[in-house]
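A closer look at the structure
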Amino acid sequence: MSEKSSSSGSDEDVDPESVQPVEHGGVLSKWTNYIHGWQDRWVVLKNNTLSYYKSEDEREYGCRGSLCLSKAVITPHEFDECRFDISVNDSVWYLRAEDPEHRLQWIESIELHKAESGYGSETSLRRHGSMLSLTSAASALSATSTSSFKKGHRLREKLAEMETFRDILCRQVDTLQKYFDSCSDDVSKDEFHRDRVEDDEDEFPTTTKTDGEYNHNNNGSKEKLFPPASPKGMNGIDFKGEAITFKATTAGILSTLSHCIELMVKREDSWQKRLDKELEKRRRVEDAYKCAVHELKKKSHYGGPDYEEGPNSLINEDEFFDAVEAELDRQDKIEEQCHSEKVRISRPSSVTPGDVYSTIGTHRFTNKVEEWVQNHMTYSLQDVGGDANWQLVIEEGEMKVYRREVEENGIVLDPLKATHSVKGVTGHEVCHYFWDTDVRMDWETTIENFNVVETLSDNAIIVYQTHKRVWPASQRDVLYLSAIRKIIATNENDPDTWLVCNFSVDHKDASPTNRCVRAKINVAMICQTLVSPPEGDKEISRDNILCKITYVANVNPGGWAPASVLRAVAKREYPKFLKRFTSYVQEKTAGKSILF
């Protein structure tokens with residue numbers, strides 16, 4: 001149909017109010033949860049409803065969620081120029097466009113659909129007309145007329161008396177009205193009769209009547225011309241009695257009214273007290289409701305992007321610490337439950353002979369590896385005393401953990417150093433299980449997933465790993481080179497020494513993403529094997545060996561986590577990590593031949 005023919009109808013045929021906004025669709029990033037963060041979703045705006053799908057290709061399978069925009073509140077984010085939030089009651093969608101222009105387009109489209117939704121818009125008011133107002137007014141009037149309070153028992157009795165008095169008074173008024181009408185008729189007739197007598201006297205003069213005006217009958221009796229007034233009027237009405245009764249009825253009404261007013265005043269005082277109590281109850285209920293709504297909103301939005309780690313986080317430092325601690329406790333319980341329920345799968349992991357690890361290897365990071373190995377052997381084994389300012393923060397048996405507080409640009413960079421002694425294992429075995437990625441997930445509980453990005457040599461690999469998120473902290477990932485080395489002894493009295501060093505590098509196949517905060521690490525585990533001579537001619541057993549472990553870690557976590565939280569987490573997690581790992585090594589090597 002051409003435009004001309006489609007528009008040729010009259011204005012009455014086309015309802016401009018029925019025109020709906022066009023459908024709008026596109027890709028927006030939606031906050032899913034604190035584990036997966038922002039995810040791209042296909043979002044469709046149609047018929048006053050905002051729906052989202054996992055992708056555009058999956059629209060035929062149905063939407064994953066939808067919001068009715070009639071009562072939606074659209075809030076552009078204060079700091080993020082690409083983000084806007086849509087809330088309907090307790091449901092909140094956090095959305096991000098690819099740029100501020102697209103955000104503005106989405107907000108305008110949503111507002112347009114909301115304005116034409118038929119709820120509270122000018123269109124809807126015109127559509128429903130004034131009948132709604134009339135109905136509302138009638139309902140309000142009805143509610144008002146039926147909202148009178150219940151009367152007390154005595155007040156009901158007095159009101160019944162008032163009804164009786166009203167009936168009596170109405171009858172008395174009718175009676176008196178009849179009497180007054182009758183009197184009026186009598187006066188009129190009397191005046192008419194007097195006028196006629198006077199006319200007759202003018203025509204026929206008579207002698208003056210004495211002893212009153214009398215007429216003489218034929219039988220000689222006298223009849224008074226104007227009889228005296230009777231105490232009773234016509235129809236036998238006792239005017240005096242009616243007047244007395246009327247006065248008594250009026251007095252009864254006034255007395256009853258006074259009594260009613262008195263009762264109403266007393267009832268008003270009673271109802272006022274009850275009203276005050278009800279108002280106080282209502283105030284307490286409203287306060288409790290506001291608190292409950294506040295807590296509910298806080299709970300429902302807790303975990304949203306506004307509460308996660310960041311420069312504009314709505315969560316304060318104490319709440320941040322409590323949330324991190326609660327999440328760590330939850331992960332520990334899950335790990336303990338999984339550990340107690342599952343049977344550990346024994347993965348074959350043969351310990352490679354030490355000759356392979358004694359070579360430096362040739363690759364593009366060879367010089368860097370050698371530099372860090374020498375640095376750790378020079379500085380990491382130094383005593384914690386002197387001017388190093390190491391502070392002992394934890395001491396549990398043979399394990400001691402030290403820390404030096406260092407901050408740069410508000411980021412905690414505290415170096416940590418731990419020393420530990422483990423019986424029955426060698427330095428070679430400890431370093432092997434620390435470096436071997438085949439058994440990494442058996443003892444490491446903080447890693448979500450990892451993969452070897454590149455194998456540089458037999459004793460050097462590049463590893464990318466993501467750590468489990470501890471909300472509200474952002475998720476961290478690490479890309480590092482891991483190298484294992486056997487340190488060649490320069491003196492025959494030097495203990496057998498092994499070292500694993502992990503330090504951050506860059507790689508084209510593992511670039512940083514917006515999903516995680518890239519942490520930087522420089523970690524070393526140095527293990528020295530000490531052997532005590534066996535008694536007599538006995539062979540050396542695991543009872544004769546002791547591994548002295550020195551673990552140093554320099555970590556730049558990045559992000560905006562509070563310093564107090566980072567220090568508390570490090571103090572809590574490092575000892576647990578060392579005990580968990582060394583117990584695993586002892587379990588794996590128990591009953592096996594010693595490998596130096």
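Before reading further, recall that the structure is shown in the block above.
Report follows, based on the coordinates. (Residues numbered from 1 in each chain as written. Predicted model: local features only at pLDDT ≥ 70, side-chain atom pairs only at ≥ 80, totals over all residues. Heavy atoms only, no water.)

Burial analysis of strand β6 (residues 83–88) places five of its six residues in the buried class, which makes it a mostly covered element. Pairing between strand β5 (residues 73–76) and β6: four bridges, direction antiparallel. When the sheet's bridge partners are listed, P76 is paired in β6 with F84. Hairpin remark: β5 followed by β6, antiparallel, with six residues in the connecting loop. Strand direction decides the pairing type here: β6 and strand β7 (residues 91–96), joined by six bridges, are antiparallel. Counterpart to V88 in the pairing with β7 is S91. Following β6, the chain reverses through two residues before pairing antiparallel with β7; N89 in that reversal takes a positive phi of roughly 60 degrees. (Buried < 20%, exposed > 50% of the residue type's maximum accessible area, 1.4 Å probe, protein only. Helix = DSSP H or I, 4+ residues; strand = E, 2+ residues; numbered from the N terminus. Pairing = 2+ DSSP bridges.)

Under the defined criterion, the tally for this structure stands at 13 aromatic pairs. Residues W443 and F577 carry aromatic rings whose centres are separated by 6.0 Å and whose planes lie at 40 degrees to one another, so their mutual orientation is tilted. Separated by 134 residues along the polypeptide, W443 in helix α11 (residues 440–443) and F577 in helix α12 (residues 563–589) bring together distant segments of the chain. The burial state of W443 is the same as that of F577; both residues are buried. What links up through ring pairs into an aromatic cluster is the set F434, W443, Y551, Y574, F577 and F581. Its end group placed over the ring of W390, R404 keeps NZ or CZ at 4.8 Å from the ring centre. The lysine or arginine in question, R440, covers the ring of F450, its NZ or CZ lying 5.7 Å from the ring centre. (Phe/Tyr/Trp six-rings, centres within 6.5 Å; stacked < 30°, edge-to-face > 60°. Lys NZ or Arg CZ within 6 Å of the ring centre and 35° of its normal.)

Right, let's talk about helix α10 (residues 427–435) for a bit. Among the nine residues in α10, nine count as buried, and that is most of the element. By the burial criterion, the buried members of α10 are G427, H428, E429, V430, C431, H432, Y433, F434 and W435.

Scope: geometric values only; no functional claims are made or implied.
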